[in-house]
Amino acid sequence: MELKITEEQNGASVLEIMRRALGFSRAMIRHLKFVENGITLNGNHVTVRAKVTSGDVLGLAVEDTESPEKLTPVDLDLDIAYEDDDVVVPNKPADMPTHQSFGHYGDTVANALAYRYKDQSTPFVFRPVNRLDRNTSGLLLIARNRISAAFLSDAMKQKRISKRYVAVLHGVLEGDDEGVIDTYMCRTEESVIVRRVCTEAEGGDRAITKYKVLCKSPTHTLVCATPVTGRTHQLRVHFASLGCAIEGDDMYGSESPYISRHALHSFELSFPHPNGDQQTVYAPIPEDMKKLVAHLFDEQQLNSIEQEFRTRLF
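Please read these numbers as outputs of a predicted model, since none were measured by experiment. (Residues numbered from 1 in each chain as written. Predicted model: local features only at pLDDT ≥ 70, side-chain atom pairs only at ≥ 80, totals over all residues. Heavy atoms only, no water.)

## Considering the sheet that holds strand 3 (residues 44–45)
At step 1: Spatially, 1-4-2-3 is the arrangement adopted by the four strands of the open sheet, whose pairing is antiparallel. With one partner strand each, in any of the chains shown, strand 1 (2–4) and strand 3 form the two edges of the open sheet.
At step 2: Summarising the sheet, strand 1 and strand 4 (residues 57–60) pair through three bridges and their orientation is antiparallel. Looking across to strand 4, one finds that Leu 3 is bridged to Leu 58.
At step 3: Helix 1 (residues 14–21) contacts strand 1, strand 2 (39–41) and strand 4 of the sheet and is inclined by roughly 70° relative to strand 4. (Pairing = 2+ DSSP bridges. Helix = DSSP H or I, 4+ residues; strand = E, 2+ residues; numbered from the N terminus. Contact = heavy atoms within 4.5 Å. Axes fitted to C-alpha atoms, helices over the stretch in contact; angles between N-to-C directions.)

Structural data, given as structure tokens:
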């Protein structure tokens, strides 16, 4: 990347520009120090102590020169909700894993994006900022270069990235229509995959979920859920712990006669963009969940959904 030095930056050191203006982490700066021509000023190699003058062009070799993993480009149907040079936000369908794993080497979001960017000048590196379970649909945040990856990783640690999900619960949530589930979670003894609610003394990690009931039927509840923490299977475990597992969740509840996967969709993603803007992206619920909602809730129940959610979801 190249950055033209402004009048306000005149006299600053390269290190100051990288840390304050660009927000580079120490690890990123250390990496560039050892890359051939990793830091240049007007085309000449310099150290981070060099002083800049307005009109100078600072060059930083942040582009990838090779891919760190063997990733096969595959032409898969993947809707893109938002895209620019720094980030891409796919709207992941159900039954598509986020990244490669045993048994899934050619059917993932990573494969689809490798195909989308196979003709770009630099190698594609898959940098997911967040992930979704294979059968959870919705929005994923993917960084497209080292700078945005470092920036968004820090934003995630600072809890500046928020996600909202819509879920159909099997059962009727009792009590208030808004609430917070605050527990600890850990793996079960029988499985490295399955999680359960536990106590802090059992070695669990704190898990917090905010939720709002959108509408109810005699047998089901439609909710909007916001995970404050990001534990594996957090929403699935939390709602199951209240006696209302997500419809179709055969791990924490039971299979559904109406939908072939758990009815959970990430419909809103809000994040600070590396360019300084706050970006919010939406993805309406997919057809299988629309059909489920139409089957389980009547018109009067659906009409009770606030306009904000009605607009975003449908």
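## Considering the pairing of strand 16 (residues 278–282)
At step 1: Of the pairings in the sheet, the one linking strand 15 (residues 264–272) to strand 16 comprises five bridges and is antiparallel in character. Following the sheet pairing, Phe 271 is matched in strand 16 by Gln 279.
At step 2: Connecting the antiparallel pair strand 15 and strand 16 is a turn made up of five residues, with Gly 276 showing a positive phi of about 105°.

## Observations concerning helix 1
At step 1: Val 14, Ile 17 and Met 18 are the residues of helix 1 that are buried. Down the axis, helix 1 shows its buried residues gathered within 95° of arc, on one side only.
At step 2: One or two steps after helix 1, the chain reaches Gly 23, where phi turns positive at roughly 70°. (Buried < 20%, exposed > 50% of the residue type's maximum accessible area, 1.4 Å probe, protein only. Arc of directions from axis to C-beta.)

## Focus: the environment of Ile 29
At step 1: With respect to the helices, strands and loops of the structure, Ile 29 is situated in helix 2 (residues 26–33).
At step 2: Considering only alpha carbons, one finds Ile 29 and Gln 158, 129 residues apart in sequence, at a separation of 20 Å.

## Notes on the packing of aromatic side chains
At step 1: Applying the stated criterion across every chain, the model contains three aromatic pairs.
At step 2: Ring centres of Tyr 117 and Phe 124 lie 5.8 Å apart, and the angle between their planes is 35°; on these two criteria the pair is classed as tilted. Assigned by exposure class, Tyr 117 and Phe 124 land together as buried.
At step 3: Through successive ring pairs, a cluster of aromatic residues spans Tyr 117, Phe 124 and Phe 126.
At step 4: For Lys 118, the ring lying beneath its charged end belongs to Tyr 115, and the centroid distance is 5.0 Å.
At step 5: Positioned above the aromatic ring of Tyr 282, the side-chain terminus of Arg 312 is 3.9 Å from the ring centre. (Phe/Tyr/Trp six-rings, centres within 6.5 Å; stacked < 30°, edge-to-face > 60°. Lys NZ or Arg CZ within 6 Å of the ring centre and 35° of its normal.)

## Brief notes about helix 5 (residues 234–241)
Each full turn of the α-helix corresponds to 3.6 residues, which orients residues three or four apart in the same direction.
At step 1: For helix 5, the tally of buried residues reaches six of eight residues, placing the bulk of the element in the interior.
At step 2: If you check which residues of helix 5 are buried, you get Gln 234, Leu 235, Arg 236, Val 237, His 238 and Phe 239.
At step 3: Looking at the packing, one finds that the buried side of helix 5 touches strand 10 (162–170), strand 11 (178–187), strand 12 (195–198), strand 13 (205–216), strand 14 (220–227) and strand 15.

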